[in-house]
Amino acid sequence: MPHDDHVTLESRDLAKTYYSTDPPTKVIDGIGLAVRKGEFLVVMGASGSGKSTLLYNISGMDRPTNGNVFLEGRDLTSLSEKEMSRVRLAEMGFIFQQAYFLNNLTIRDNILLPALKGAPKEKETAIARVDTLMERFGIAHVGQHGITQVSGGQLQRASICRALAGEPSILFADEPTGSLNSSMTIEVMDALMDVHSEGTTLVMVTHDPACAARADRVIYLRDGLLVDCRDLGTWSREQATQREDDLLAWLREMGF
Ligand SMILES: Nc1ncnc2c1ncn2[C@@H]1O[C@H](COP(=O)(O)OP(=O)(O)OP(=O)(O)O)[C@@H](O)[C@H]1O
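Conventions and cut-offs
Residues numbered from 1 in each chain as written. Predicted model: local features only at pLDDT ≥ 70, side-chain atom pairs only at ≥ 80, totals over all residues. Helix = DSSP H or I, 4+ residues; strand = E, 2+ residues; numbered from the N terminus. Rg over C-alpha atoms; globule rule 2.2 N^0.38 Å. Buried ≥ 20, exposed ≤ 12 C-beta atoms within 10 Å, placed from the backbone. Contact = placed C-beta atoms within 7 Å. Axes fitted to C-alpha atoms, helices over the stretch in contact; angles between N-to-C directions. Parallel < 35°, antiparallel > 145°, perpendicular 65-115°, else oblique. Left-handed = near helix turned anticlockwise from the far one by under 90°. Nonpolar A, V, L, I, M, F, W, Y, C, P; charged D, E, K, R; others polar. Near = placed C-beta within 6 Å. Pairing = 2+ DSSP bridges. Core = buried A, V, L, I, M, F, W, Y, C linked by C-beta atoms within 7 Å. Expected span 1.5 Å × (residues − 1). UniProt positions renumbered as here; feature names shortened; annotations may be inferred.

As annotated in an unreviewed UniProt entry, the chain carries the name Putative ABC transport system ATP-binding protein and is attributed to Lipingzhangella halophila.

Here it is as C-alpha coordinates:
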(Lines give C-alpha, C1' and ligand atoms only; values in the text may rest on other atoms or scores of the structure.)
Protein backbone atom coordinates (compact mmCIF):
# COMPACT_ATOMS: atom_id res chain seq x y z
CA MET A 1 0.00 0.00 0.00
CA PRO A 2 1.57 3.32 -1.00
CA HIS A 3 1.98 5.77 1.83
CA ASP A 4 1.97 9.46 1.85
CA ASP A 5 4.34 10.99 4.32
CA HIS A 6 1.54 12.19 6.53
CA VAL A 7 2.32 11.41 10.14
CA THR A 8 -0.81 10.31 11.96
CA LEU A 9 0.63 9.29 15.34
CA GLU A 10 3.70 10.71 16.95
CA SER A 11 5.40 10.34 20.29
CA ARG A 12 8.00 12.76 21.55
CA ASP A 13 10.39 11.96 24.35
CA LEU A 14 7.96 9.38 25.69
CA ALA A 15 8.84 7.84 29.04
CA LYS A 16 7.06 5.56 31.46
CA THR A 17 8.09 4.69 34.97
CA TYR A 18 5.94 2.51 37.21
CA TYR A 19 5.93 3.89 40.73
CA SER A 20 3.93 0.96 42.05
CA THR A 21 7.20 -0.94 42.54
CA ASP A 22 9.98 -0.22 45.00
CA PRO A 23 12.29 0.95 43.55
CA PRO A 24 10.25 2.43 40.69
CA THR A 25 10.57 0.62 37.33
CA LYS A 26 11.65 2.80 34.44
CA VAL A 27 10.28 0.91 31.47
CA ILE A 28 10.49 3.19 28.45
CA ASP A 29 12.76 6.12 28.18
CA GLY A 30 12.58 8.99 25.72
CA ILE A 31 10.97 7.30 22.73
CA GLY A 32 10.40 9.44 19.65
CA LEU A 33 8.30 7.72 17.03
CA ALA A 34 6.34 8.86 13.98
CA VAL A 35 3.79 6.51 12.43
CA ARG A 36 2.66 7.39 8.92
CA LYS A 37 -0.95 7.26 7.89
CA GLY A 38 -1.71 3.81 6.48
CA GLU A 39 1.57 2.40 7.72
CA PHE A 40 1.91 -1.09 9.17
CA LEU A 41 4.46 -0.72 11.94
CA VAL A 42 5.72 -3.62 14.03
CA VAL A 43 7.33 -3.31 17.46
CA MET A 44 9.85 -6.00 18.37
CA GLY A 45 12.35 -6.56 21.17
CA ALA A 46 13.19 -9.08 23.87
CA SER A 47 10.70 -9.97 26.58
CA GLY A 48 10.50 -7.11 29.07
CA SER A 49 11.99 -4.53 26.68
CA GLY A 50 8.86 -2.36 26.97
CA LYS A 51 6.88 -3.19 23.83
CA SER A 52 3.44 -3.46 25.45
CA THR A 53 4.15 -0.44 27.61
CA LEU A 54 4.97 1.58 24.49
CA LEU A 55 1.78 0.39 22.81
CA TYR A 56 -0.39 1.29 25.80
CA ASN A 57 1.18 4.71 26.15
CA ILE A 58 0.91 5.70 22.49
CA SER A 59 -2.69 4.52 22.36
CA GLY A 60 -3.86 6.46 25.38
CA MET A 61 -4.65 3.26 27.32
CA ASP A 62 -2.06 4.37 29.82
CA ARG A 63 -0.56 7.73 30.72
CA PRO A 64 3.15 8.33 30.13
CA THR A 65 5.24 9.77 32.94
CA ASN A 66 6.89 12.14 30.52
CA GLY A 67 6.62 13.27 26.92
CA ASN A 68 3.73 13.69 24.53
CA VAL A 69 1.65 11.69 22.08
CA PHE A 70 -0.03 13.34 19.13
CA LEU A 71 -2.81 11.79 17.10
CA GLU A 72 -3.48 13.86 14.00
CA GLY A 73 -1.73 16.73 15.73
CA ARG A 74 -3.83 16.56 18.89
CA ASP A 75 -1.92 16.02 22.11
CA LEU A 76 -3.49 12.95 23.75
CA THR A 77 -1.59 13.52 26.98
CA SER A 78 -3.51 16.75 27.55
CA LEU A 79 -6.94 15.08 27.35
CA SER A 80 -9.10 14.21 30.33
CA GLU A 81 -10.00 10.54 30.90
CA LYS A 82 -13.43 11.17 29.43
CA GLU A 83 -12.08 12.89 26.33
CA MET A 84 -9.49 10.16 25.94
CA SER A 85 -12.05 7.38 26.09
CA ARG A 86 -14.08 9.21 23.45
CA VAL A 87 -11.03 9.36 21.16
CA ARG A 88 -10.38 5.66 21.78
CA LEU A 89 -13.94 4.68 20.91
CA ALA A 90 -14.15 6.90 17.84
CA GLU A 91 -10.70 6.57 16.34
CA MET A 92 -8.86 3.56 17.69
CA GLY A 93 -9.25 -0.18 17.66
CA PHE A 94 -7.48 -2.68 19.95
CA ILE A 95 -6.64 -6.34 19.59
CA PHE A 96 -4.97 -8.29 22.38
CA GLN A 97 -3.31 -11.67 22.66
CA GLN A 98 -6.37 -13.05 24.38
CA ALA A 99 -9.73 -11.99 23.04
CA TYR A 100 -11.55 -10.48 26.01
CA PHE A 101 -15.13 -11.45 25.29
CA LEU A 102 -18.10 -11.74 27.60
CA ASN A 103 -18.96 -15.41 27.89
CA ASN A 104 -22.67 -14.86 28.38
CA LEU A 105 -22.98 -13.17 24.98
CA THR A 106 -22.80 -14.62 21.48
CA ILE A 107 -19.86 -13.83 19.21
CA ARG A 108 -22.00 -11.36 17.23
CA ASP A 109 -23.27 -9.56 20.33
CA ASN A 110 -19.74 -9.31 21.69
CA ILE A 111 -18.65 -7.62 18.46
CA LEU A 112 -21.68 -5.34 18.46
CA LEU A 113 -21.42 -4.18 22.04
CA PRO A 114 -18.67 -1.52 21.73
CA ALA A 115 -20.02 -0.29 18.39
CA LEU A 116 -23.40 0.37 20.02
CA LYS A 117 -21.73 2.00 22.97
CA GLY A 118 -19.74 4.28 20.67
CA ALA A 119 -22.74 5.39 18.64
CA PRO A 120 -25.97 4.37 20.41
CA LYS A 121 -28.18 6.33 18.02
CA GLU A 122 -26.87 4.52 14.99
CA LYS A 123 -27.94 1.04 15.97
CA GLU A 124 -29.09 -0.11 12.53
CA THR A 125 -25.91 1.17 10.87
CA ALA A 126 -23.75 -0.52 13.49
CA ILE A 127 -25.58 -3.82 13.05
CA ALA A 128 -25.21 -3.67 9.28
CA ARG A 129 -21.53 -2.83 9.60
CA VAL A 130 -20.87 -5.67 12.02
CA ASP A 131 -22.68 -8.17 9.81
CA THR A 132 -20.63 -7.04 6.81
CA LEU A 133 -17.41 -7.35 8.78
CA MET A 134 -18.30 -10.83 10.03
CA GLU A 135 -19.08 -11.89 6.48
CA ARG A 136 -15.82 -10.48 5.21
CA PHE A 137 -13.71 -12.16 7.87
CA GLY A 138 -15.46 -15.48 7.44
CA ILE A 139 -17.16 -15.76 10.83
CA ALA A 140 -20.78 -14.89 9.95
CA HIS A 141 -21.75 -18.56 10.31
CA VAL A 142 -20.58 -18.66 13.94
CA GLY A 143 -22.20 -15.37 14.96
CA GLN A 144 -24.73 -17.09 17.22
CA HIS A 145 -22.13 -19.34 18.83
CA GLY A 146 -20.89 -18.81 22.32
CA ILE A 147 -17.27 -17.83 22.76
CA THR A 148 -16.21 -21.34 23.73
CA GLN A 149 -17.82 -22.77 20.60
CA VAL A 150 -15.36 -21.30 18.08
CA SER A 151 -11.70 -21.86 17.23
CA GLY A 152 -8.89 -19.60 18.44
CA GLY A 153 -8.47 -18.23 14.92
CA GLN A 154 -12.19 -17.49 14.66
CA LEU A 155 -12.15 -15.82 18.05
CA GLN A 156 -9.24 -13.62 17.07
CA ARG A 157 -10.94 -12.73 13.76
CA ALA A 158 -13.95 -11.78 15.88
CA SER A 159 -11.62 -9.50 17.86
CA ILE A 160 -10.58 -7.85 14.62
CA CYS A 161 -14.24 -7.35 13.67
CA ARG A 162 -14.92 -5.86 17.10
CA ALA A 163 -11.94 -3.55 16.78
CA LEU A 164 -13.08 -2.44 13.32
CA ALA A 165 -16.76 -2.02 14.18
CA GLY A 166 -16.20 1.56 15.30
CA GLU A 167 -14.38 2.35 12.01
CA PRO A 168 -11.07 3.28 13.60
CA SER A 169 -8.37 5.04 11.64
CA ILE A 170 -5.69 3.27 13.66
CA LEU A 171 -5.54 -0.26 15.01
CA PHE A 172 -3.26 -1.38 17.86
CA ALA A 173 -2.49 -5.06 18.28
CA ASP A 174 -0.54 -6.60 21.16
CA GLU A 175 0.66 -10.09 20.20
CA PRO A 176 -2.57 -10.83 18.31
CA THR A 177 -1.26 -14.24 17.21
CA GLY A 178 0.58 -15.00 20.46
CA SER A 179 -1.79 -17.75 21.54
CA LEU A 180 -2.51 -19.25 18.12
CA ASN A 181 -1.09 -22.21 16.22
CA SER A 182 0.60 -21.61 12.88
CA SER A 183 -2.39 -22.07 10.59
CA MET A 184 -4.53 -19.78 12.78
CA THR A 185 -1.68 -17.27 12.85
CA ILE A 186 -1.72 -17.12 9.06
CA GLU A 187 -5.52 -16.76 9.11
CA VAL A 188 -5.32 -13.81 11.47
CA MET A 189 -2.36 -12.18 9.72
CA ASP A 190 -4.18 -12.42 6.38
CA ALA A 191 -7.15 -10.68 7.99
CA LEU A 192 -4.90 -7.94 9.38
CA MET A 193 -3.21 -7.46 6.00
CA ASP A 194 -6.65 -7.05 4.52
CA VAL A 195 -7.38 -4.27 7.02
CA HIS A 196 -4.02 -2.66 6.29
CA SER A 197 -4.58 -2.79 2.53
CA GLU A 198 -7.69 -0.68 3.00
CA GLY A 199 -5.64 2.12 4.51
CA THR A 200 -6.03 1.52 8.24
CA THR A 201 -2.86 2.34 10.17
CA LEU A 202 -1.66 -0.70 12.09
CA VAL A 203 0.74 -0.80 15.04
CA MET A 204 1.47 -4.34 16.20
CA VAL A 205 3.68 -5.89 18.86
CA THR A 206 4.89 -9.37 17.97
CA HIS A 207 7.60 -11.89 18.79
CA ASP A 208 7.03 -13.74 15.55
CA PRO A 209 9.45 -12.79 12.72
CA ALA A 210 7.12 -14.27 10.08
CA CYS A 211 4.34 -11.94 11.24
CA ALA A 212 6.73 -9.01 11.52
CA ALA A 213 8.00 -9.61 7.97
CA ARG A 214 4.59 -8.49 6.71
CA ALA A 215 5.06 -4.98 8.08
CA ASP A 216 6.22 -1.88 6.23
CA ARG A 217 8.64 -1.08 9.02
CA VAL A 218 9.92 -2.77 12.19
CA ILE A 219 11.25 -0.92 15.20
CA TYR A 220 13.40 -2.62 17.81
CA LEU A 221 13.34 -1.85 21.54
CA ARG A 222 16.06 -2.73 24.00
CA ASP A 223 15.71 -1.92 27.69
CA GLY A 224 13.04 0.67 26.95
CA LEU A 225 14.99 2.46 24.26
CA LEU A 226 14.21 2.51 20.56
CA VAL A 227 17.56 1.29 19.28
CA ASP A 228 16.96 0.73 15.58
CA CYS A 229 14.37 0.44 12.86
CA ARG A 230 14.16 -1.26 9.50
CA ASP A 231 12.12 -0.39 6.45
CA LEU A 232 10.83 -3.48 4.71
CA GLY A 233 8.86 -1.78 1.94
CA THR A 234 5.54 -2.96 0.61
CA TRP A 235 4.64 -6.57 1.39
CA SER A 236 4.34 -9.10 -1.40
CA ARG A 237 3.61 -12.77 -0.92
CA GLU A 238 6.22 -13.73 -3.54
CA GLN A 239 8.96 -12.16 -1.45
CA ALA A 240 7.74 -13.49 1.90
CA THR A 241 10.67 -15.87 2.46
CA GLN A 242 13.28 -13.34 1.42
CA ARG A 243 11.75 -10.68 3.67
CA GLU A 244 11.65 -13.04 6.61
CA ASP A 245 15.29 -14.09 6.06
CA ASP A 246 16.44 -10.45 5.82
CA LEU A 247 14.49 -9.54 8.91
CA LEU A 248 15.88 -12.51 10.85
CA ALA A 249 19.44 -11.54 9.94
CA TRP A 250 18.79 -8.02 11.21
CA LEU A 251 17.09 -9.30 14.36
CA ARG A 252 20.09 -11.49 15.10
CA GLU A 253 22.34 -8.45 14.81
CA MET A 254 20.05 -6.77 17.32
CA GLY A 255 20.54 -9.69 19.68
CA PHE A 256 17.02 -11.07 19.32
N1 LIG B 1 2.06 -2.23 35.86
C2 LIG B 1 3.37 -2.47 36.00
N3 LIG B 1 3.99 -2.21 37.16
C4 LIG B 1 5.32 -2.42 37.32
N5 LIG B 1 6.11 -2.90 36.34
C6 LIG B 1 5.55 -3.20 35.16
C7 LIG B 1 4.15 -3.00 34.91
N8 LIG B 1 3.88 -3.37 33.65
C9 LIG B 1 5.05 -3.78 33.12
N10 LIG B 1 6.06 -3.68 34.02
C11 LIG B 1 7.47 -4.03 33.79
O12 LIG B 1 7.92 -3.29 32.69
C13 LIG B 1 8.81 -4.06 31.89
C14 LIG B 1 8.35 -4.04 30.46
O15 LIG B 1 7.10 -4.68 30.36
P16 LIG B 1 6.33 -4.81 28.96
O17 LIG B 1 5.14 -5.66 29.19
O18 LIG B 1 6.12 -3.47 28.37
O19 LIG B 1 7.44 -5.57 28.10
P20 LIG B 1 7.27 -6.38 26.75
O21 LIG B 1 8.46 -6.05 25.91
O22 LIG B 1 5.95 -6.15 26.13
O23 LIG B 1 7.41 -7.87 27.29
P24 LIG B 1 6.80 -9.25 26.76
O25 LIG B 1 7.42 -9.47 25.39
O26 LIG B 1 7.29 -10.25 27.75
O27 LIG B 1 5.32 -9.11 26.71
C28 LIG B 1 8.88 -5.42 32.52
O29 LIG B 1 10.04 -5.49 33.28
C30 LIG B 1 7.65 -5.48 33.39
O31 LIG B 1 7.87 -6.28 34.50
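Still more ground to cover, so stick around.
> I tried to follow the overall build of the chain on my own but got confused; where do I start?
The secondary structure content of the chain amounts to 8 helices and 10 strands. Taken over C-alpha atoms, the radius of gyration comes to 18 Å for the chain, in line with the 18 Å a tight globule of 256 residues would show. Dimensions of the chain along its principal axes, counting C-alpha atoms only, are 45 × 45 × 40 Å. By residue count, 41% of the 256 residues in the chain fall in the buried class. Within the chain, contacts between residues separated by at least 24 positions form 69% of all contacts whose residues are at least 6 apart in sequence.

> Whenever I open this one, the packing of helix H5 (residues 152–164) against helix H6 (residues 182–197) confuses me. Can you help?
A pair of packed helices is characterised by two quantities: the angle between their axes and the separation of those axes. One way to put it is that H5 packs onto H6 with a least axis distance of 8 Å and a crossing angle of 20°. In terms of orientation, H5 lies roughly parallel with respect to H6. Pair H5 / H6 crosses with right-handed handedness. Of H6, the residues touching H5 (which contributes Gly 152, Gly 153, Gln 156, Arg 157, Ile 160 and Leu 164) are Met 184, Glu 187, Val 188, Ala 191, Leu 192 and Val 195. Taken together, the residues of the contact of H5 with H6 break down into 7 nonpolar, 3 polar and 2 charged.

> Please explain the site of the ligand as it appears in this structure.
Lining the immediate surroundings of the ligand are 13 residues, of which Tyr 18, Ser 47, Lys 51, Ser 52 and Thr 53 lie closest. If one sorts the elements of the shell around the ligand by residue count, helix H1 (residues 51–58) sits on top with 3 residues. Taken together, the residues of the shell around the ligand sort by class into 2 nonpolar, 10 polar and 1 charged.

> I keep staring at the pairing of strand S6 (residues 92–95) and nothing clicks. Help me out?
Walk down a regular strand and you will see the side chains alternate between the two sheet faces. Here S6 shows a buried face lined by Met 92 and Phe 94 and a second buried face lined by Gly 93 and Ile 95. By the bridge criterion, 4 bridges tie S6 to strand S7 (residues 170–174) in an arrangement that is parallel. Opposite Ile 95, over in S7, you have Ala 173 as the bridge partner.

> When you look at the nonpolar core in this model, what are you seeing that I'm missing?
For soluble globular proteins, nonpolar side chains are generally found buried alongside one another. In this structure, Val 43, Val 130, Ile 160, Cys 161 and Val 218 are the most contacted members of the largest nonpolar core, which totals 64 residues. The element best represented in this core is H5, accounting for 6 residues. What Cys 161 contacts, discounting residues up to four positions off in sequence, is Ile 111, Val 130, Leu 133, Met 134, Phe 137 and Ile 139.

> I keep staring at H5 and nothing clicks. Help me out?
Note on helix geometry: an α-helix contains 3.6 residues per turn, so any two residues three or four positions apart are oriented the same way. Here H5 is 13 residues long and its end C-alpha atoms lie 18 Å apart, about the 18 Å a rise of 1.5 Å per residue gives. When you tally the buried positions in H5, you get 12 out of 13 residues, the bulk of the element. Structurally, H5 contributes buried residues whose contacts are with S6, helix H3 (107–118), helix H4 (123–136), S7 and H6.

> Quick question: what am I supposed to make of the pairing of strand S4 (residues 66–71) here?
In terms of strand pairing, strand S1 (residues 7–18) meets S4 through 5 bridges, oriented antiparallel. Residue pairing for S4: Leu 9 is matched across the bridge by Leu 71. Sheet topology note: the S4/strand S5 (residues 74–75) ladder contains 2 bridges and is antiparallel. Following the sheet pairing, Phe 70 is matched in S5 by Asp 75. Linking S4 back to S5 in an antiparallel pair, the connection comprises 2 residues, with Glu 72 at a positive phi of about 50°.

> In this structure, what is going on with the UniProt feature "domain: ABC transporter" (unreviewed entry) in the chain? I would like to understand it.
As recorded in UniProt, the sites labelled "domain: ABC transporter" (unreviewed entry) are residues 9–248. The distance from the first to the last C-alpha atom of residues 9–248 is 27 Å, and the span holds 36% helix and 26% strand.

> Where do I start with the sheet that holds S4 in this structure?
Strand pairing in a sheet relies on backbone hydrogen bonds, with the paired strands running either antiparallel or parallel. Reading across the sheet, the 4 strands line up as S2-S1-S4-S5 and stay open at both edges, with antiparallel pairing between neighbours. Only two strands of the sheet have a single partner each, and these edge strands are strand S2 (25–36) and S5. Pairing between S1 and S2: 8 bridges, direction antiparallel. In the strand pairing of S2, Thr 17 is matched with Lys 26.

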